[in-house]
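# Architecture at a glance
The lines below spell out each chain.
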Amino acid sequence: MARIVTVAAAQLGPIQKAEGRQSVVARMISLMEQARAQGATFIVYPELALTTFFPRWYHEDRAEADPWFEAEMPGPATQPLFDKAVELGMAMSFGYAELTPDGHHFNTSILVDKTGRIVGKYRKVHLPGHVELDPGRSHQHLEKRYFEPGDLGFPVWRFEGGLVGMAICNDRRWPETYRVMGLQGVEMVVLGFNTPSVNSQRGDERIEDRLFHHRLSCQAGAYQNATWVVAVAKAGTEDGHHCMGGTLIVDPNGRIVGEIDHEEDGLLVHACDLDETRFGKDTIFDFKRHRRIEHYGLITERVGVGEPLGQ
Ligand code: CDV
């Protein structure tokens, strides 16, 4: 038996600061058409897919960053993307900066079904970076200035015949992200990322190290929860700042089944059998039989490291 979801990981190359949403949406539509021609029925785009990765830019008055945000979804710029998805019968997920009607700011991703209906929303929980301008860094990463931590948890939705959840970029490095979804039976985690190829606080870290940590995190999350993981980059050099590629799909055994080897707009299409998650979920990671929650209390009692519990 097989439950196939043919997914397209739709990597975006760089988006310059001056590039408008219309132009980006045209690129996304072109990728969607190519993905459909390759048999995909679900397309996944990166984090903050509609603009440059603006948290690298400091605005003393944070309200000046509001033009990077979407007050409506779909809005005038994104409606053509929704229309094309409906025309092609394509489900999709993408990230954007969300400004709510009551003035809250989130780094958000949505799940959109084939009829163009937004059926799921996720707001990034693990926000990296800092609040204030930090001249000691090689570049700024001001997500903590511009966004509030997500307030929706890590829900999983019945979607495309399976159980699908979302994460965003830094979330992929945290085992809790996958486990909370694993406890809802997740079969596919889709996530987008913008990962600078240099560590702003550590000059000796190589891009290979950054890619290694990315693969390690996605592969561990997939294996330990017996789920597919689809991780999609926005890559290349945006206004002099380089972000790594590494768009990839991981199977429920933790194996990378495909990875994009360039930093431009491009597709990775894979027929994911959701039933491949069954073996891991029913054996070594059968949570109901094997988890020992009486020993896991610290995970929710402590945020940071505290005193050792032993002698
Ligand atoms: N957009 C991100 O969340 N980027 C982080 C960087 C700052 C390390 C990441 O985890 O890839």
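Let me sum up the structure you'll find in this document. Predicted model, so just to flag it, every value in this text is computed and none were measured. (Residues numbered from 1 in each chain as written. Predicted model: local features only at pLDDT ≥ 70, side-chain atom pairs only at ≥ 80, totals over all residues. Heavy atoms only, no water.)

### Remarks on the pairing of strand 13 (residues 256-259)
- As judged from the 3 bridges shared by strand 12 (residues 248-250) and strand 13, these two strands associate in the antiparallel manner. Each residue of the ladder has a partner; that of I249, found in strand 13, is G258.
- Two successive antiparallel strands, strand 12 and strand 13, enclose a turn made up of 5 residues, where G254 displays a positive phi of approximately 90°. (Pairing = 2+ DSSP bridges. Helix = DSSP H or I, 4+ residues; strand = E, 2+ residues; numbered from the N terminus.)

### As for the nonpolar core
- The biggest cluster of nonpolar side chains holds 44 residues, and the ones touching the most others in it are V7, F42, M188, L191, V229, V230 and I249.
- For this core, the element with the highest residue contribution is strand 9 (residues 228-233), accounting for 6 residues.
- Among the nonpolar cores identified, the runner-up in size contains 27 residues, and V24, A40, L50 and M90 belong to it. (Core = buried A, V, L, I, M, F, W, Y, C linked by side-chain atoms within 4.5 Å. Buried < 20%, exposed > 50% of the residue type's maximum accessible area, 1.4 Å probe, protein only.)

### Some thoughts on the packing of helix 4 (residues 175-182) against helix 5 (residues 207-225)
- In contact at an axis separation of 9 Å, helix 4 and helix 5 are set at 25° when each is read in the N-to-C sense. By the angle between their directions, the pair helix 4 and helix 5 is classed as roughly parallel. Relative to helix 5, the crossing made by helix 4 is right-handed. Contact residues: helix 4 offers Y178, R179 and G182, while helix 5 offers S217, C218, G221, Q224 and N225.
- Class assignment of the residues belonging to the contact of helix 4 with helix 5 gives a composition of 2 nonpolar, 5 polar and 1 charged. (Axes fitted to C-alpha atoms, helices over the stretch in contact; angles between N-to-C directions. Parallel < 35°, antiparallel > 145°, perpendicular 65-115°, else oblique. Left-handed = near helix turned anticlockwise from the far one by under 90°. Contact = heavy atoms within 4.5 Å. Nonpolar A, V, L, I, M, F, W, Y, C, P; charged D, E, K, R; others polar.)

### Overview of the site of the ligand
- Contacts to the ligand come from E47, F53, K124, P128, H141, E143, C169, N170, R172, R173, N194 and T195.
- Contact between the ligand and E47: a nitrogen atom at 3.1 Å from a side-chain N or O atom of the residue.
- In this structure, N194 approaches the ligand through a main-chain N or O atom, which is 3.1 Å from a nitrogen atom.
- Burial of the ligand by the surrounding chains reaches 90%, relative to a free accessible area of 320 Å².
- Here the residues of the shell around the ligand sort into 3 nonpolar, 4 polar and 5 charged. (Near = heavy atom within 4 Å. Polar contact = N/O pair within 3.5 Å; in protein donor to acceptor, adjacent residues only side chain to side chain. Areas by Shrake-Rupley, 256 points an atom, 1.4 Å probe, with all protein chains shown as cover.)

### Focus on the sheet that holds strand 9
- Across the sheet, 6 strands lie side by side as 6-7-8-9-12-13; this open sheet has mixed pairing. Strands with a single pairing partner mark the edges of an open sheet, and in this sheet they are strand 6 (156-159) and strand 13. Across the sheet, the axes of successive neighbouring strands diverge by a mean angle of 20°, strand direction being ignored.
- Contacts between helix 4 and the sheet are confined to strand 6, strand 7 (162-168), strand 8 (188-193) and strand 9, with strand 7 contributing the most and set at about 160° to the helix.
- Across the sheet, helix 5 lies against strand 8, strand 9, strand 12 and strand 13, angled at about 30° from strand 12, the strand it touches most.

### Thoughts on the packing of helix 1 (residues 21-37) against helix 2 (residues 79-88)
- For the pair helix 1 and helix 2, interaxial distance at closest approach is 10 Å and the crossing angle is 10°. The pairing of helix 1 with helix 2 is recorded here as roughly parallel in orientation. Packed against helix 1, whose contacting residues are V25, M28, I29, M32, E33 and R36, the element helix 2 presents P80, L81, K84, A85 and L88 at the interface.
- Classifying every residue of the contact of helix 1 with helix 2 by side-chain character gives 8 nonpolar, no polar and 3 charged.

### Overview of helix 4
- All of the buried residues along helix 4 are T177, Y178, M181 and G182. End-on view of helix 4: buried residues confined to an arc of 125°, all on one side of the axis.
- Looking at the packing, one finds that the buried side of helix 4 touches strand 6, strand 7, strand 8, helix 5, strand 9 and helix 7 (287-290). (Arc of directions from axis to C-beta.)

### Observations concerning unusual backbone geometry
- The linkage connecting M73 with the following residue, P74, adopts the cis geometry, with an omega of -5°.
- You can see P74 is positioned in the loop between strand 2 (42-44) and helix 2.
- Within the chain, C169 stands out as a residue other than glycine whose phi angle is a positive 45°.
- Within the secondary structure layout, C169 lies in the loop between strand 7 and helix 4.
- Judged by its relative accessible area of 6%, C169 is buried.
- Look at A226: it is not a glycine, yet its phi comes out positive at around 50°.
- By the element assignment, A226 lies in the loop between helix 5 and strand 9.
- When its relative accessible area of 1% is taken as the criterion, A226 is described as buried.

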